[in-house]
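Chains, contacts and geometry: an overview
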Amino acid sequence: MLRPDYPIRTARLVLRPFRPSDLDDVFAYRSLPDVTRYLHDEPYTRAQAAENLAKWIGQREITEEGQWLATAVTLDGRVIGEVDVTWRSEEHRQGEIGYIFNPAFQGKGYAREAAEVMLEIGFEGLGLHRIVAECEVRNEPSWRLMERLGMRREAHFRHHEFFKGEWADCFVYAMLAEEHRNH
Ligand SMILES: CC(C)(COP(=O)(O)OP(=O)(O)OC[C@H]1O[C@@H](n2cnc3c(N)ncnc32)[C@H](O)[C@@H]1OP(=O)(O)O)[C@@H](O)C(=O)NCCC(=O)NCCS
């Protein structure tokens, strides 16, 4: 069981659950093809953004494996991106993190600052032993962030998915709890 004590403040950001009033901010970046290029999602219409936002609003606690925390990353009250942590396996204490940011707020270290909170929640809050992150190999900003977070590249899967009309390769990165403590 994990129910983070929101809001979570970092040096520059405030992380909190999503709210209905976040729709404009979420639609602003989730509607951009550049943002969804390596995501399974396509650019959202406003209606799709509203539909997904409604689901994320409830995802503020984790009570069983398979669930994930949908977390809004805000700067001066505006949602600039999202981070998440998923409880993959209770028995094996495994989890996964993810992140998506508005391009206007990329290249400033904000994604790293917020993703570090997800690792902390995963290892300390959920008691995970290992956390993974995956991305398309061409998504260099994503795997470079994984490396900045101190995650190790564990796998390069060739053609693991027929993704948006072509075969795609995938990197798997991971971090163990003891590596997190020593990072
Ligand atoms: C993946 C993604 C979140 C990475 O975002 P990002 O802003 O590049 O990542 P960071 O927050 O670590 O920022 C790092 C950059 O900020 C720069 N930076 C500037 N000020 C900084 C500061 N105070 N602290 C740290 N870094 C800073 C770094 O130098 C680095 O720039 P560089 O890439 O030119 O070397 C972003 O590209 C994204 O949202 N992509 C679209 C969605 C997506 O594909 N998500 C991943 C799916 S697997």
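Note that this is a predicted model, so its numbers are computed, not measured. (Residues numbered from 1 in each chain as written. Predicted model: local features only at pLDDT ≥ 70, side-chain atom pairs only at ≥ 80, totals over all residues. Heavy atoms only, no water.)

**Description of helix H4 (residues 110-125)**
The terminal C-alpha atoms of H4 lie 22 Å apart, and with 16 residues this matches the ideal 22 Å at 1.5 Å per residue to within 8%. All of the buried residues along H4 are Tyr110, Ala111, Glu113, Ala114, Ala115, Val117, Met118, Leu119, Ile121, Gly122 and Phe123. Remark: Gly127 follows H4 within two positions and exhibits a positive phi of approximately 70°. (Helix = DSSP H or I, 4+ residues; strand = E, 2+ residues; numbered from the N terminus. Expected span 1.5 Å × (residues − 1). Buried < 20%, exposed > 50% of the residue type's maximum accessible area, 1.4 Å probe, protein only.)

**Digging into the pairing of strand E8 (residues 166-176)**
Here E8 lies mainly inside the structure; eight of its eleven residues are buried. Pairing analysis gives eight bridges linking strand E7 (residues 152-163) to E8, with the strands arranged antiparallel. Counterpart to Phe162 in the pairing with E8 is Trp167. In this antiparallel pair of consecutive strands, E7 and E8, the connection spans two residues, and Lys164 shows a positive phi of 50°. (Pairing = 2+ DSSP bridges.)

**Describing the UniProt feature "domain: N-acetyltransferase" (unreviewed entry) in the protein chain**
Within this numbering scheme, the UniProt entry marks residues 13-178 as carrying the feature "domain: N-acetyltransferase" (unreviewed entry). End-to-end, the C-alpha atoms of residues 13-178 are 26 Å apart, and along that stretch the chain is 31% helix and 37% strand. (UniProt positions renumbered as here; feature names shortened; annotations may be inferred.)

**Quick notes on the pattern of salt bridges**
A full pass over the atoms with the stated rule returns 15 salt bridges. The salt bridge partner of Arg30 is Asp41, with a shortest N-O separation of 2.9 Å. Of the two residues, Arg30 sits in helix H1 (residues 23-30) while Asp41 sits in the loop between helix H2 (33-36) and helix H3 (46-57), which places them eleven residues apart along the sequence. Note that Asp169 is salt-bridged to Arg158, the shortest N-O span being 2.9 Å. In this pair, Asp169 sits in strand E8 while Arg158 sits in strand E7, placing the two residues eleven residues apart along the sequence. Overall, the relative accessible area of 13% leaves Asp169 in the buried class. Three or more residues joined by partner-sharing salt bridges are found here, namely Arg130, Arg152, Glu154 and Glu179. (Salt bridge = Lys/Arg side-chain N within 4 Å of Asp/Glu carboxyl O.)

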